[in-house]
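Listed below are the residues making up each chain.
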Amino acid sequence: MNDTPVISVIVPMYNAEKYLRTCVDSILNQTFTDFELILVDDCSTDKTLEIAKSFSDPRIKILQTEKNSGGPGVPRNMGIDAARGEFLYFMDNDDAIAYSTLKIFYDKIIASEADIVYNCTWVIPTDPEFTELNGLKGKAMSTENNSVFKDLKKRIWTELCEHRMHSVLWLCLYRKKLFDNGEEKIRFPNCLAEDVFVHLDLLCATYKILKIKTPLYVYRTNSDSLTRAKKSIGVAVRSIFELIAHVRKKLSGLIDDEVYINRVCLSLMNGVATTYLKPSYLEDSNATFHELEDHFKDSLGERGSELAFLFYAYLWGQNQSVQLSRFQNELKKILKKANDGEL
């Protein structure tokens, strides 16, 4: 194996015995071979580590966390710190990639001199239990394939708020220098929606992003995935407000426009709520949430109290899906007012 591989592929693992072999096989069979594969086990309790060690390919490096971190952020950071490649590519442990993926990404990023190559199209297979890529049938999914604005405000709004898929890690190849450039390294927080935090930082760091529309990533709809796993309500809500705090801290020194920053906070809050605050994803909890009303007020002013009550109604209501819709609709109304300059 090359001492300095061109690409470092990072895959966090947790209880992935069911699908890991398909994932790793799709990486090892790439037509582009100058890469290292960093598998980071987050204290799995099944045969994940045993399966990872069963591969004899010298390009594989296996790392382990000291204790389970509860999410992919910590394992991904370990992968970044251990990576020797000029470029980084992240995958989820239950998915797969077409055999030409790394070559297409590499050729595009070299030819364009971009910092990020963003793949706007991916595939959801018809059979979620697929075991190989040959003859795979599925539904192609896409985001808008627009150019990336040099203007920071337009770039953040377009990529994060309008085209939310841009925050998904597995659609991109990155130059590693983006993560290590400057005094503050870009790393993943140990909370929900960790990819949104990182992509905000990356969008502030570069506008050199090339978008392509070739379906390369195979996304498995796995009911056991971290996104769909049960979460405590407190964890989900606190992650939303950690994101808002991060947005404010990051943008306040770059953009002198409080109304715009509020717009971004509200939009991302709505997006994360839509993803993680689904009744099927949440555990029942008797925790007290009055402390969170302060977070709503800090972000939304006096209107935050109304939203807090709507949110509580969602948490404890009989018809949770209806209550969540009301909560999100109120957020959208405030967002529209902000967009029209009325907030």
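Below you will find a few notes about this structure. (Residues numbered from 1 in each chain as written. Predicted model: local features only at pLDDT ≥ 70, side-chain atom pairs only at ≥ 80, totals over all residues. Heavy atoms only, no water.)

**Looking at the nonpolar core**
Part 1: Counting residues in each nonpolar core, the largest one holds 91 residues, and the members touching the most others are Ile7, Leu37, Tyr89, Ile156, Phe179 and Leu251.
Part 2: Considering each element in turn, this core owes the most residues, nine residues, to helix α9 (residues 258–276).
Part 3: Setting aside residues no more than four positions away along its own chain, Leu251 makes contact with Ile156, Leu200, Cys204, Tyr260, Ile261 and Val264. (Core = buried A, V, L, I, M, F, W, Y, C linked by side-chain atoms within 4.5 Å. Buried < 20%, exposed > 50% of the residue type's maximum accessible area, 1.4 Å probe, protein only. Helix = DSSP H or I, 4+ residues; strand = E, 2+ residues; numbered from the N terminus. Contact = heavy atoms within 4.5 Å.)

**Focus on unusual backbone geometry**
Part 1: For Asn15, which is not glycine, the phi torsion reads 45 degrees and is therefore positive.
Part 2: Residue position: Asn15 is located in the loop between β1 (7–13) and α1 (20–28).
Part 3: One non-glycine residue, Ala193, lies in positive phi territory at about 60 degrees.
Part 4: Along the chain, Ala193 falls in the loop between α6 (177–180) and α7 (194–205).

**Quick word on the packing of aromatic side chains**
Part 1: Enumeration over the complete set of coordinates arrives at 10 aromatic pairs.
Part 2: Geometrically, the ring pair formed by Tyr89 and Phe105 is tilted, given 5.6 Å between the ring centres and 45 degrees between the ring planes. You can see Tyr89 sitting in strand β4 (residues 87–90) and its partner Phe105 sitting in helix α4 (residues 101–112), a full 16 residues away along the chain. Summarising the burial analysis for this pair, Tyr89 and Phe105 share the class buried.
Part 3: Residues Trp170 and Tyr217 carry aromatic rings whose centres are separated by 4.4 Å and whose planes lie at 10 degrees to one another, so their mutual orientation is stacked. Residue Trp170 is located in the loop between α5 (152–162) and β9 (172–175), and its partner Tyr217 is located in strand β11 (residues 217–218); the two are separated by 47 residues in the primary sequence. (Phe/Tyr/Trp six-rings, centres within 6.5 Å; stacked < 30°, edge-to-face > 60°.)

**As for the sheet that holds β9**
Part 1: Pairing in this open sheet of seven strands is mixed, and the strands run β3-β2-β1-β4-β9-β6-β10 from one edge to the other. The open sheet has two free edges, formed respectively by β3 (60–64) and β10 (209–212), since each of these has just one partner strand. If you compare each strand with its neighbour and ignore which way they point, the axes differ by 20 degrees on average. (Pairing = 2+ DSSP bridges. Axes fitted to C-alpha atoms, helices over the stretch in contact; angles between N-to-C directions.)

**Section: the pairing of strand β6 (residues 116–119)**
Part 1: Of the two faces of β6, the one lined by Ile116 and Tyr118 and the one lined by Val117 and Asn119 are each fully buried.
Part 2: Pairing of β6 with β9 involves three bridges; the strand directions are antiparallel. Note on β9: the bridge partner recorded for Ile116 is Tyr174.
Part 3: Note that β6 and β10 share four bridges and pair parallel. Counterpart to Asn119 in the pairing with β10 is Ile212.

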